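Report on the structure
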Amino acid sequence: MLVGIFALLSLAAAVVYGLAAHPAPGQLWLCALIFVLGILALSVLFLLGAAIVSLFIPNKWPREKQNALCRFYLAWGGGMLCTYCRVKTHVTGMEKLPTDSRFLMVCNHRSAFDPLSLFFPLRRYNLAYVSKPENLALPVVGRIALGSGCLPIRRGEDREALRSILAAVDYLKRDICSICIYPEGTRSKTGGLLPFHHGSFKIAQRANVPLVICACSGSEQVKKNMFLRTTHVYLDVLEVVDAAQVRAMSTAELSDHARERIEKALAEREGKA
């Protein structure tokens, strides 16, 4: 979407140049050059704006509130990156997502592009993602993500993991944002589901919010296809478990139920059923 806007602006600049300069037929390539350079220049300016904003974002969490500019740059920047990497995201069942309350979204994890492919399509739902600390330590991107409400979680360190879970609960209770977490804890290298961490589901229970179960496929192909061909990523919103039912089930039951639904959906999506 953002690259499309840049293309329209650059096209307008090329047309204005053509009308004003009246280039000879042999110099029409200048209009094409203005068009291409315009897109690149606007993309660089966008990234420069994100870099400047990141300088004012403290490297700490949890936060009292989100930064609106960080939210903007995360959503639209993710969309721009997907356009350049030729990633097209298809979301089914989006109408199931709660619009009157915050929620916890759980999904399988296959690629670093899993959240990147969702930043723009799900921007209206204001999702913050729980990610490994290394991602949030990246220059510019890490600060923008922290400012948007994203949280680090270090698997294997119970005290730090609990701190992240409590921060996510706090964000949900204070209506700051909804939360997305990957219960596998790391990317699956084979495409098959890894064991789910039951503790991820405590977030929905403690915050008293619905649990949204989703399945993601196709993102594992991005690295191989990047710049060469279009990669189609599919996010299927499978089920919304209301807050009352979330409270009535144990975290183990919620985890097993979510894993079963995701496993079945992936098999159907990929023709393995």
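Model, not experiment: these values are computed from the prediction.

**Overview of the overall build of the protein**
Counting its regular elements, the protein contains eleven helices and seven strands. Taking the principal axes of its C-alpha atoms as reference, the protein extends roughly 75 × 45 × 35 Å. Excluding contacts between residues fewer than 6 apart, the proportion of contacts in the protein whose partners are at least 24 apart in sequence is 75%. With the model as given, the accessible surface of the protein reaches about 13900 Å², and the carbon-plus-sulfur share is 60%. Each charge class in the protein can be summarised by its mean position, and for the 32 positive and 21 negative side chains these summaries are 7 Å apart.

**Focus: a nonpolar patch on the surface**
A surface patch of nonpolar side chains, amounting to about 690 Å² of accessible area, comprises Trp29, Leu33, Val36, Leu37, Leu40, Tyr84 and Phe227. With five residues, the single largest contributor to the nonpolar patch is helix H2 (residues 29–54). Relative to the helices and strands, Leu33 resides in helix H2.

**Quick word on the pattern of salt bridges**
Enumeration over the complete set of coordinates arrives at seven salt bridges. A salt bridge links Arg102 to Asp175, with the shortest nitrogen-to-oxygen separation between them at 2.8 Å. Residue Arg102 is found in the loop between strand S1 (87–92) and strand S2 (104–107), and its partner Asp175 is found in the loop between helix H7 (158–173) and strand S5 (178–181); the two are separated by 73 residues along the sequence.

**A closer look at unusual backbone geometry**
Pro62 follows Trp61 through a cis peptide bond whose omega is -5°. Relative to the elements of secondary structure, Pro62 occurs in the loop between H2 and helix H3 (68–84). A positive phi angle, near 50°, is found at Asn126, a position not held by glycine. Its identity as a non-glycine residue notwithstanding, Asp175 has a phi of 60°, on the positive side.

**Describing the pairing of S5**
Alternating positions in S5 separate into two faces, Ser178 and Cys180 on one and Ile179 and Ile181 on the other, with burial throughout. The pairing of S2 with S5 spans three bridges and is parallel. Residue pairing in the sheet places Met105 in a bridge with Cys180 of S5. As judged from the three bridges shared by strand S3 (residues 127–131) and S5, these two strands associate in the parallel manner. Along S5, the bridge assignment pairs Tyr129 with Cys180.

About the thresholds
- Residues numbered from 1 in each chain as written.
- Predicted model: local features only at pLDDT ≥ 70, side-chain atom pairs only at ≥ 80, totals over all residues.
- Heavy atoms only, no water.
- Helix = DSSP H or I, 4+ residues; strand = E, 2+ residues; numbered from the N terminus.
- Contact = heavy atoms within 4.5 Å.
- Areas by Shrake-Rupley, 256 points an atom, 1.4 Å probe, with all protein chains shown as cover.
- Lys, Arg positive; Asp, Glu negative; His and termini not counted.
- Charge placed at Lys NZ, Arg CZ, Asp CG, Glu CD.
- Patch = residues over 30% accessible without salt bridge, like charges linked within 9 Å, V, L, I, M, F, W, Y side chains within 5 Å.
- Salt bridge = Lys/Arg side-chain N within 4 Å of Asp/Glu carboxyl O.
- Buried < 20%, exposed > 50% of the residue type's maximum accessible area, 1.4 Å probe, protein only.
- Pairing = 2+ DSSP bridges.

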